[in-house]
Amino acid sequence: MDPHAGSHTAVVIDQAERVPGRVRVRACAAQAERLLAWAAAWPQRTWAVEGAGGLGHLLAQQLVAAGERVLDVQPKLAARVRLLAAGDVNKNDPNDARSVAVAALRPAACLPVRADDHAAVLKVWAKRYRDLSRARNQVVCRMHAVLCQLIPGGVSTRITAGQAARILDQAEPRGAAGMARWVLAAQLLTGLRRIDVQRRDVQRKLAVAVRASGTTVTGIFGVGPAVAAAVIGDAGDISRFASRDHFAAYNGTAPVEVSSGGRVIYRLSLRGNRRMNHAIHMAAVTQIRYRHSKGRAYYDKKIAEGKTSKEALRALKRQVSDAVYQRMKADGRRAAAGPGGHPGNGSEASVAGLHPADRLFGQATPGPEPTLRPRPGRSKAAQAGSSRRTRRAVPAHTSA
């Protein structure tokens, strides 16, 4: 299948790559029914959809819902087939669909398409939260630029809606140009407040979606609902990663080998899913920010070994990636076991994970408001009193 916004082109091939038939259907409500009726002549079939996670997502999901076996073929695989084909191959929809089908003959290179689950829900709200955050940054930058022309020196710190409102109340614009800038700043303030309301609403939806997924990724220090949703939404089915190394290569936290001959060199990876990489980066930075975290201890250890701050941060990001992978693998085993099953080993890398009582963001579900401050510890007097009560409660004959 070569899907497009207006039409879909399908080509059927056999093991010898011969083309016994092809069809083109208009993208409409009956697209899946028409394709299934055309493919009824080949009962033993597998559908290969180019970009089943993008433009072909809806069609692939419709075929899966109809009980069909569907493979997701990455566009670059079909492009390689077209490039290596013998002779001149014209660039058109039937040839593109045939290239997709040829690429799907190697099943190891194509992943099966599954029905949308909680990962798809998390991906939707994570993208919405990311888009709102970018829109907010744009509004804030524009407000800073306007305030620099209204107030001497402007605002040097991060600005909030309340702070901007107080500044505008105290501002005294001069002339028509000053009044125009003041009105523009007021409009930007209205937009900032609207985005803040939308972001809070999406944060609540993210928390509910993360809780419904049953994930334990939020038990890692520095991983809140937004980070967990970004990682799980883009990773999808964790079983498609054979090991933590494959997962790290996918999210860009594993170094890239650029060796030649006897020289073995590893460099910073700029590949992988950059959204997941950014989410893991935020979790690592949060761990470094709090000196009591194990992540900060690991970071300081790398600094003491002679690593630069960036190198130590990259090493910590890999530890966070491994911890996320192990948590997601444990969640997958628990889900496969079903009610009453054995969840398996849910341990994670000791550097990047902490006991749930020490989590940075607290609960990932509606309840107490998340906080960036660690929970206050008990006073020394209360601890001493508890220790005395414990010693009195232990019988004299109890062995140490």
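Preceding this section is the structure that the text describes.
The shown structure was predicted, so the numbers you read here are calculated from the model rather than taken from an experiment.

The rules behind these values
- Residues numbered from 1 in each chain as written.
- Predicted model: local features only at pLDDT ≥ 70, side-chain atom pairs only at ≥ 80, totals over all residues.
- Heavy atoms only, no water.
- Helix = DSSP H or I, 4+ residues; strand = E, 2+ residues; numbered from the N terminus.
- Buried < 20%, exposed > 50% of the residue type's maximum accessible area, 1.4 Å probe, protein only.
- Contact = heavy atoms within 4.5 Å.
- Areas by Shrake-Rupley, 256 points an atom, 1.4 Å probe, with all protein chains shown as cover.
- Pairing = 2+ DSSP bridges.
- Axes fitted to C-alpha atoms, helices over the stretch in contact; angles between N-to-C directions.
- Core = buried A, V, L, I, M, F, W, Y, C linked by side-chain atoms within 4.5 Å.
- Salt bridge = Lys/Arg side-chain N within 4 Å of Asp/Glu carboxyl O.
- Right-handed = clockwise from strand over helix to strand, strands pointing away.
- Parallel < 35°, antiparallel > 145°, perpendicular 65-115°, else oblique.
- Nonpolar A, V, L, I, M, F, W, Y, C, P; charged D, E, K, R; others polar.
- Phe/Tyr/Trp six-rings, centres within 6.5 Å; stacked < 30°, edge-to-face > 60°.
- Lys NZ or Arg CZ within 6 Å of the ring centre and 35° of its normal.

Visitor: Got a minute to help me understand the overall build of the chain in this structure?
Guide: For the chain, the helix and strand inventory stands at 13 helices and 8 strands. For the chain, the proportion of its 400 residues judged to be buried stands at 40%. Long-range pairs, those at least 24 residues apart, make up 61% of the contacts in the chain with a sequence separation of at least 6. If you sum the accessible surface of the chain, you get close to 23500 Å²; carbon and sulfur atoms cover 54% of it.

Visitor: Even after reading the chapter, I still don't get the sheet that holds strand 3 (residues 21-26), so can you show me in this structure?
Guide: Hydrogen bonds between backbone atoms are what pair the strands of a sheet, whose relative direction is either parallel or antiparallel. Strand order in this open sheet of 3 strands is 1-2-3, and the pairing throughout is antiparallel. Each of the sheet's edge strands pairs with one partner strand only, and the pair in question is strand 1 (2-3) and strand 3. Bridge count for strand 2 (residues 7-12) against strand 3 is 6 bridges, and the pairing is antiparallel. Within the sheet, the bridge partner assigned to valine 12 lies in strand 3 and is glycine 21. Against the sheet, helix 1 (residues 31-38) contacts strand 2 and strand 3, and its axis sits at roughly 165° relative to strand 3.

Visitor: How do you make sense of the environment of valine 11 when you look at a structure like this?
Guide: For valine 11, the location among the structural elements is in strand 2. Between the C-alpha atom of valine 11 and that of serine 99, which follows or precedes it by 88 residues, the distance is 9.4 Å. Setting aside anything within four residues of it in sequence, one finds valine 11 in contact with Val19, Gly21, Arg22, Trp38, Pro94, Ala97, Arg98 and Ala101.

Visitor: Got a minute to help me understand the nonpolar core in this structure?
Guide: Soluble, globular proteins show a tendency: their nonpolar side chains are buried together. Formed by 38 residues in total, the largest nonpolar core has its most connected members in Val217, Val223, Val231, Phe247, Val320, Val324 and Met328. Listing elements by their share of this core, those giving two or more residues are helix 5 (118-150), helix 7 (175-213), helix 8 (225-235), helix 10 (274-289), helix 11 (294-304) and helix 12 (309-337). For this core, the element with the most residues is helix 12, which contributes 8 residues. What phenylalanine 247 contacts, discounting residues up to four positions off in sequence, is Val231, Ala235, Ile238, Phe241, Met276, Ser321, Val324 and Tyr325. In terms of nonpolar packing, the next biggest core, distinct from the first, is built from 18 residues, Val140, Met143, Ala185 and Leu192 among them.

Visitor: Would you explain the sheet that holds strand 4 (residues 47-50) in this entry?
Guide: Pairing is mixed across the open sheet formed by 3 strands, whose spatial order is 4-5-6. The open sheet has two free edges, formed respectively by strand 4 and strand 6 (111-112), since each of these has just one partner strand. Bridging between strand 4 and strand 5 (residues 70-73) involves 4 bridges; their strand directions are parallel. Within strand 5, the residue paired with valine 49 across the bridge is aspartate 72.

Visitor: I keep staring at unusual backbone geometry and nothing clicks. Help me out?
Guide: Trans peptide bonds make up most of the peptide bonds, and negative phi angles are found at most residues other than glycine. You will see that glutamate 17, though not glycine, has its phi angle at about 65°, which is positive. Structurally, the position occupied by glutamate 17 is in the loop between strand 2 and strand 3.

Visitor: Even after reading the chapter, I still don't get the pattern of salt bridges, so can you show me in this structure?
Guide: For the structure on display, the rule yields 17 salt bridges. Among the ionic pairs, arginine 98 bridges to glutamate 17, the shortest N-O distance being 3.7 Å. One end of the pair, arginine 98, is in helix 4 (residues 93-104); the other, glutamate 17, is in the loop between strand 2 and strand 3, and 81 residues separate them in sequence. For arginine 98, a relative accessible area of 27% translates into the label partly exposed. The closest approach of N and O atoms between aspartate 322 and arginine 318, which form a salt bridge, is 3.0 Å. Note that aspartate 322 and arginine 318 are positioned in helix 12 at a spacing of 4 residues, about one turn of the helix. Side by side, aspartate 322 and arginine 318 carry an identical accessibility label, which is buried.

Visitor: For this particular structure, what's the right way to read the pairing of strand 4?
Guide: Each regular strand displays side chains that alternate between the two surfaces of the sheet. Residues Trp47 and Val49 point to one face of strand 4 and Ala48 and Glu50 to the other, with burial holding for every one of them. Assessed by its sense of winding, the connection that carries the chain from strand 4 through helix 2 (residues 57-65) to strand 5 is right-handed.

Visitor: Whenever I open this one, the packing of helix 3 (residues 75-84) against helix 4 confuses me. Can you help?
Guide: Angle between the axes and distance between the axes: these two values describe a pair of packed helices. Their axes nearest at 8 Å, the elements helix 3 and helix 4 cross at an angle of 105°. Put simply, helix 3 runs roughly perpendicular to helix 4. Of the residues in helix 4, those in contact with Leu77, Ala78, Val81 and Arg82 of helix 3 are Asp96, Ser99, Val100, Val102 and Ala103. Partitioning the contact of helix 3 with helix 4 into residue classes produces 6 nonpolar, 1 polar and 2 charged.

Visitor: I keep staring at the packing of aromatic side chains and nothing clicks. Help me out?
Guide: Aromatic ring pairs: the centre-centre distance and the angle between the two ring planes describe each pair. The tally for this structure, following the rule as stated, stands at 5 aromatic pairs. Taking the centre distance of 5.3 Å and the plane angle of 80° together, the rings of phenylalanine 241 and phenylalanine 247 count as edge-to-face. You'll find phenylalanine 241 and phenylalanine 247 in the same group, each marked buried. Ring plane angle 55° and centroid distance 5.1 Å describe the contact between phenylalanine 241 and tyrosine 250, whose orientation is recorded as tilted. A residue is classified by how much of its surface remains accessible, and phenylalanine 241, at 5% relative accessible area, is buried. Of the residues examined, tyrosine 250 reaches a relative accessible area of 26% and is grouped as partly exposed. Here arginine 240 stacks its cationic end above the ring of tyrosine 250, 4.9 Å away from the centre of that ring.

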